[in-house]
Amino acid sequence: MSAEANMTTTNTVTPNTINIDGQDIPFKNGQTIMDAALAAGVYIPHLCHKPGLTPHGSCKLCTVDIGSRSMSTSASDRRTQTKFSVDIDRRSVSACTTPAVAGQQISNDTPALNEVRKTITQMLFIEGNHLCPACEKTGNCTLQAVAYHLGMLDGHFPQFFPRREVDASHPTVMLDLDRCILCELCVRASREVDGKNVFAIAGRGINAHLIVNSPSGKLVDSDLETGDMAVHICPVGAILIKEHGYEVPIGRRTFDLHQVGEIGLEPVILAKARHTNE
Ligand code: SF4
Ligand code: FES
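What counts as what
Residues numbered from 1 in each chain as written. Chains lettered and ligands numbered in written order. Predicted model: local features only at pLDDT ≥ 70, side-chain atom pairs only at ≥ 80, totals over all residues. Helix = DSSP H or I, 4+ residues; strand = E, 2+ residues; numbered from the N terminus. Buried ≥ 20, exposed ≤ 12 C-beta atoms within 10 Å, placed from the backbone. Contact = placed C-beta atoms within 7 Å. Near = placed C-beta within 6 Å. Nonpolar A, V, L, I, M, F, W, Y, C, P; charged D, E, K, R; others polar. Pairing = 2+ DSSP bridges. Axes fitted to C-alpha atoms, helices over the stretch in contact; angles between N-to-C directions. Core = buried A, V, L, I, M, F, W, Y, C linked by C-beta atoms within 7 Å. pLDDT = per-residue confidence, 0-100.

### Examining the overall build of the chain
What the chain contains, in helices and strands, is eight helices and 13 strands. Across the 278 residues in the chain, those meeting the buried criterion constitute 33%. For the chain, long-range pairs separated by at least 24 residues make up 69% of all intrachain contacts whose partners lie at least 6 apart in sequence.

This is how it looks when you write it as structure tokens:
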């Protein structure tokens, strides 16, 4: 019998149940930790995750810790004739890409993890030009809402102030790359929902940037249409519909009325992006 088969856990593992911050949460086969958490009403901060799209795992905001279950062998070590225990190391993983496995002991809403998430959020802010008071998406922006949720008061790091293009060539949609956080939601939505391939990421590391798949590289020469999911899925103000500026006053916007941690906000956020609820 293998050593692994010899091991018995000191905790009882309930089939198809994970534990997040002390709460037992059921999951279905094939679900990720994020899927199971959201289905149970547990918020794990995220930016690049959207139910229904292939998980991408790029923003790392959903980082959680897994472990440590103390395990002990039922058989003795051959040489020492003593039983021994094994601690499965704690490890940090992305909840949106890690499959739920029965018995996982997961830490999510802890001061240490939220501090890491706040640092990631600060880095996203300083890497682009996020001038919230002048952005049409303010109050409807998930990056801004996550920053409030995590208690972010400033950018902490020196601003990059990158010089990036605004593509206003399309008749109804504009693209402001200053605000792009490279979450690839528009890339996946265009490919997986709209059946097009309007957006892509080019370059690597600090040079990574969003591009438009068209002969000129401009939106006007792409097959993007106002009704496309890719137009409405941007969590920040990088993709906006033209001629709808400030229709909902500040104070009545999504995150003026809701906490970002509320589960089931997706339809509200989408309706705001489509301007169907004014
Ligand atoms: S334009 Fe918006 S949705 Fe697309 S990658 Fe940038 S931030 Fe994400
Ligand atoms: S939501 Fe998991 S890495 Fe972005």
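### Here's the deal with the site of ligand 1
Of all residues adjacent to ligand 1, which total 13 residues, the nearest are Cys-180, Cys-183, Cys-186, Cys-234 and Ala-238. Class assignment for the residues of the shell around ligand 1 results in 12 nonpolar, no polar and one charged.

### Re the environment of Ile-66
Among the structural elements, Ile-66 can be located in strand S4 (residues 63-66). Classification of Ile-66 by C-beta neighbours within 10 Å gives buried; the count is 20. For the pair Ile-66 and Asn-19, spaced 47 residues apart in sequence, the C-alpha separation works out to 9.7 Å. In contact with Ile-66, other than residues within four places in its own chain, are Arg-90, Arg-91, Val-93, Gln-104, Gln-105 and Ile-106.

### A few points about the sheet that holds S4
Pairing is mixed in the open sheet, where five strands are placed in the order S3-S2-S8-S4-S7. Looking at the sheet topology across the chains shown, the edges are occupied by strand S3 (23-26) and strand S7 (91-94). This sheet shows a mean twist of 35° between the axes of neighbouring strands, independent of strand direction. Looking at chain direction, S4 and S7 are connected through four bridges and run antiparallel. By the bridge assignment, Thr-63 is partnered in S7 with Ser-94. The strands touched by helix H3 (residues 111-127) are S4 and strand S8 (105-107); relative to S4, the strand with the most contacts, the crossing angle is about 150°.

### Quick word on the nonpolar core
One recurring pattern in soluble globular proteins is that nonpolar side chains are buried together. One finds Ile-33, Ala-37, Cys-186 and Ala-230 to be the most contacted residues of the largest nonpolar core, which totals 57 residues. In terms of residues, this core owes the most to one element, helix H2 (residues 33-39), which gives five residues. Setting aside chain neighbours within four positions, we find Ala-230 in contact with Cys-186, Ala-189, Ser-190, Asp-194, Val-198, Phe-199 and Leu-224.

### Quick notes on the environment of Val-268
Of note, Val-268 is situated in helix H8 (residues 266-274). Val-268 sits in the partly exposed class, given 16 other C-beta atoms within 10 Å. Here the alpha-carbon distance between Val-268 and Thr-254, two residues 14 residues apart in the chain, equals 7.2 Å. Not counting chain neighbours up to four residues away, the residues in contact with Val-268 comprise Thr-254 and His-258.

### Side note on the confidence of the model for the chain
Overall, the predicted model of the chain reaches an average pLDDT of 88, with 86% of residues at or above 70. Low pLDDT (under 50) marks residues 1-10, which in the prediction has 14 contacts with non-local residues, meaning those over four places away or in another chain. Low confidence marks residues 70-82, where pLDDT is under 50. Its contacts with residues over four positions away, or in another chain, come to 25 contacts.

### A closer look at unusual backbone geometry
Non-glycine residue Asp-21 carries a positive phi angle of around 50°. Among the structural elements, Asp-21 can be located in the loop between strand S2 (17-20) and S3. C-beta crowding within 10 Å serves as the criterion here: with 14 such atoms nearby, Asp-21 is assigned to the partly exposed category. In this structure, His-156 is a non-glycine residue whose phi angle is positive, near 65°. Secondary-structure assignment places His-156 in the loop between helix H4 (142-149) and strand S9 (166-167). His-156 gets classed as partly exposed once you count the C-beta atoms within 10 Å, which come to 13.

### Let's talk about the sheet that holds strand S13 (residues 239-241)
Strand order in the open sheet made by the three strands is S9-S10-S13, with antiparallel pairing throughout. The sheet is open, and its two edges are formed by S9 and S13, each paired on a single side. Alignment of S9 against strand S10 (residues 173-176), held across two bridges, turns out to be antiparallel. Bridge pairing links Asp-167 to Leu-175 in S10.

### Notes on helix H5 (residues 185-193)
Those residues of H5 that fall on the buried side of the exposure criterion are Leu-185, Cys-186, Val-187, Arg-188, Ala-189 and Ser-190. Looking at the buried side of H5, the elements it contacts are strand S11 (199-202), helix H6 (229-232) and S13. In the segment just after H5, Gly-195 is the residue with positive phi, at about 70°.

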